[in-house]
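Fold and contact review
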Amino acid sequence: PTNWKEQMVSIALALKADNIQHRDIKPDNFMVKGGVIKLIDFGWARFYDDPPDDPPSCLGYPYKPSYGFDDNYSMKMVIKQYEYELDNKLSTICQ
């Protein structure tokens, strides 16, 4: 979709507004249906006020910070990855 960045920011804002920590934001966990981006795989999601647990360290790798889980950081990393891939495809086409 042409507004993919806005949709991804909206997803991050919705997670925060609903007090949800996804913890596994990565390109593999996004799908597009009818021009709408969907975040999937909430298997390790939790509410921010849930008691601490011990999720596997591989969740969200390599799109998570070294200090733990931060969905906003992970979303920024995924957006940067998509931008990089798009730029590379465009430069290949335009050569």
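Let me begin by describing the structure that accompanies this report. (Residues numbered from 1 in each chain as written. Predicted model: local features only at pLDDT ≥ 70, side-chain atom pairs only at ≥ 80, totals over all residues. Heavy atoms only, no water.)

**Some remarks on unusual backbone geometry**
Of note, the bond from Tyr61 into Pro62 is cis; its omega dihedral lies within 30 degrees of zero at 0°. Its location among the elements puts Pro62 in the loop between strand S4 (46-47) and helix H2 (71-93). The residue Arg23 is not glycine, and still its phi comes out positive at about 70°. Positionally, Arg23 belongs in the loop between strand S1 (20-21) and strand S2 (30-33). Residue classification places Arg23 among the buried residues on the basis of a relative accessible area of 5%. (Helix = DSSP H or I, 4+ residues; strand = E, 2+ residues; numbered from the N terminus. Buried < 20%, exposed > 50% of the residue type's maximum accessible area, 1.4 Å probe, protein only.)

**Quick word on H2**
Count 3.6 residues to each turn of an α-helix, and residues three or four apart come out pointing the same way. In this model H2 runs 33 Å from its N-terminal to its C-terminal C-alpha over 23 residues, within 8% of the 33 Å that 1.5 Å per residue would give. Among all positions of H2, only Asp71, Ser74, Met75, Val78 and Ile79 are buried. At its buried positions, H2 is contacted by helix H1 (4-17), S1 and S2. For H2, the capping residue at the N-terminal end is Asp70, with a side-chain oxygen 3.1 Å from the backbone nitrogen of Asn72. (Expected span 1.5 Å × (residues − 1). Contact = heavy atoms within 4.5 Å. Polar contact = N/O pair within 3.5 Å; in protein donor to acceptor, adjacent residues only side chain to side chain.)

**Some points on the pattern of salt bridges**
Evaluated as defined, the whole model comprises 3 salt bridges. Put simply, Asp53 and Arg23 hold a salt bridge, and the shortest N to O gap is 2.8 Å. Of this pair, Asp53 sits in the loop between S4 and H2 while Arg23 sits in the loop between S1 and S2; the two residues are 30 residues apart in sequence, bridging distant segments of the chain. Here Asp53 falls in the partly exposed class, since its relative accessible area comes to 41%. For Asp24, the salt bridge goes to Lys26, with nearest N and O atoms at 3.5 Å. (Salt bridge = Lys/Arg side-chain N within 4 Å of Asp/Glu carboxyl O.)

**Brief notes about a nonpolar patch on the surface**
A cluster of nonpolar side chains, Leu86, Leu90 and Ile93, forms an exposed patch at the surface whose accessible area comes to about 300 Å². Looking at the element boundaries, Leu86 is found in helix H2. (Patch = residues over 30% accessible without salt bridge, like charges linked within 9 Å, V, L, I, M, F, W, Y side chains within 5 Å. Areas by Shrake-Rupley, 256 points an atom, 1.4 Å probe, with all protein chains shown as cover.)

**Some words on the packing of H1 against H2**
A packed helix pair is summarised by two numbers, namely the angle formed by the two axes and the spacing between the axes. Put simply, H1 and H2 touch, their axes get as near as 10 Å, and they point 170° apart. As the angle between them shows, H1 and H2 are arranged roughly antiparallel. Facing H1, whose interface residues are Trp4, Lys5, Met8, Ile11, Ala12 and Leu15, H2 presents Asp71, Asn72, Met75, Val78, Ile79, Tyr82 and Glu83. Taken together, the residues of the contact of H1 with H2 sort by class into 9 nonpolar, 1 polar and 3 charged. (Axes fitted to C-alpha atoms, helices over the stretch in contact; angles between N-to-C directions. Parallel < 35°, antiparallel > 145°, perpendicular 65-115°, else oblique. Nonpolar A, V, L, I, M, F, W, Y, C, P; charged D, E, K, R; others polar.)

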